[in-house]
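Here is how the chains run, residue by residue.
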Amino acid sequence: AILDDGSLKCWGRNYFGELGNGGTTGSGVQYTTPQAVDLGTGRTAVSVSAGQYHTCAVPDNGSLKCWGRNIYGELGIDSTTSQNTPQLVNLGTGRTAVSVSAGHSHTCAALDNNSLNCWGYNTYGVLGTGDTTDRTVPTHVNLFQTQSSLLGNISGCPLSTTPGKNYTITGNNTYGSSNVTLYI
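Reading the values: rules and limits
Residues numbered from 1 in each chain as written. Predicted model: local features only at pLDDT ≥ 70, side-chain atom pairs only at ≥ 80, totals over all residues. Heavy atoms only, no water. Pairing = 2+ DSSP bridges. Helix = DSSP H or I, 4+ residues; strand = E, 2+ residues; numbered from the N terminus. Axes fitted to C-alpha atoms, helices over the stretch in contact; angles between N-to-C directions. Salt bridge = Lys/Arg side-chain N within 4 Å of Asp/Glu carboxyl O. Buried < 20%, exposed > 50% of the residue type's maximum accessible area, 1.4 Å probe, protein only. Contact = heavy atoms within 4.5 Å. Phe/Tyr/Trp six-rings, centres within 6.5 Å; stacked < 30°, edge-to-face > 60°.

Student: Quick question: what am I supposed to make of the sheet that holds strand β9 (residues 116-120) here?
Tutor: Sheet strands pair by backbone hydrogen bonding; their relative direction is either parallel or antiparallel. Judged by pairing direction, the sheet is antiparallel, and its four strands sit side by side in the order β7-β8-β9-β10 without closing on themselves. Looking at strand neighbours, the two that pair on one side only are β7 (97-102) and β10 (135-141), the edges of this open sheet. Each neighbouring strand pair of the sheet contributes to a mean axis angle of 20 degrees, computed without reference to strand direction. Bridge analysis of β9 against β10 gives four bridges, and the strand direction is antiparallel. Each residue of the ladder has a partner; that of Gly120, found in β10, is Arg135.

Student: How should I be thinking about the pattern of salt bridges in this particular structure?
Tutor: Any two side chains of opposite charge can pair, so long as their charged atoms come close to each other. According to the stated counting rule, one finds four salt bridges in the structure shown. With a closest N to O distance of 3.4 Å, Glu74 and Arg69 form a salt bridge. Summarising the burial analysis for this pair, Glu74 and Arg69 share the class buried. Notably, a salt bridge pairs Asp131 with Arg135, separated by 2.9 Å at the nearest N-O pair.

Student: Looking at this model, I keep getting lost on the environment of Gln87. Mind explaining?
Tutor: With respect to the helices and strands, Gln87 occurs in strand β6 (residues 83-88). A relative accessible area of 22% means that Gln87 is categorised as partly exposed. Beyond its immediate chain neighbours, meaning those up to four positions away, Gln87 contacts Leu64, Lys65, Cys66 and Ile77.

Student: Got a minute to help me understand the sheet that holds strand β3 (residues 45-50) in this structure?
Tutor: If you trace the four strands from one edge of the open sheet to the other, you get β3-β4-β5-β6, paired in antiparallel fashion. With one partner strand each, in any of the chains shown, β3 and β6 form the two edges of the open sheet. Neighbour-to-neighbour, the strand axes of this sheet turn through a mean angle of 15 degrees, independent of strand direction. Two strands pair when backbone bridges link them, and strand β5 (residues 65-68) and β6 are joined in this way by three bridges, in the antiparallel orientation. Residue pairing in the sheet places Lys65 in a bridge with Leu88 of β6.

Student: What exactly am I supposed to notice about the packing of aromatic side chains here?
Tutor: Here a ring pair, both rings aromatic, is described through the centre-centre distance and the interplanar angle of the planes. Per the counting criterion, the structure on display carries three aromatic pairs. With centroids separated by 5.1 Å and ring planes inclined at 65 degrees, the aromatic side chains of Phe16 and Tyr53 adopt a geometry described as edge-to-face. In this pair, Phe16 sits in the loop between β1 (8-13) and β2 (30-37) while Tyr53 sits in the loop between β3 and β4 (54-59), placing the two residues 37 residues apart along the sequence. Assessed through its relative accessible area of 23%, Phe16 is described here as partly exposed. Looking at Tyr53, the relative accessible area reads 17%, which means it is buried. Ring geometry for Tyr72 and Tyr121: centres 4.2 Å apart, planes at 45 degrees, overall tilted.

Student: Just checking my understanding: could you explain unusual backbone geometry for this structure?
Tutor: Trans peptide bonds make up most of the peptide bonds, and negative phi angles are found at most residues other than glycine. Here Asp78, not a glycine, exhibits a phi torsion of approximately 60 degrees, which is positive. Topologically, Asp78 is positioned in the loop between β5 and β6. The backbone of Tyr124 shows a phi angle near 65 degrees, a positive value even though the residue is not glycine. Relative to the assigned elements, Tyr124 resides in the loop between β9 and β10.

Structure follows, in structure tokens:
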């Protein structure tokens, strides 16, 4: 949770370090009170998202930090080693994150140039990269495809792909119908 002062707190099970407080507790122990997450000196959180066993946050400087389980590269740090404190994700030269969304074992970030990068577990093509290869670093998702498979196993075709417009694609995914709004 992001508090009024921009500080970030996490609680619950901390088996893989997903709380970001510097420790792990094993599967039988839970933190029932909020634990502070250190995003860096003077940094506050503007966006946070929790996946199954990992968490990512966008601090006020537009960087991206992720922590927790990392067996598929879902932290985006060019490694598959789990981390129990926030780790800086390289978004590319001059790029900053606008928002982040952590999935089951993958992560996607919208960047300041209206692009989308995804990484982690890519079975079923959930990263939208046109293949099923897991990624350990942020990978550009081509939003200019006429047939999209983005943010999970969602697919559909927008009626138009005029640059600079938002489109809502309605399609079927593994769990039913979904709407996805894309900026193209």
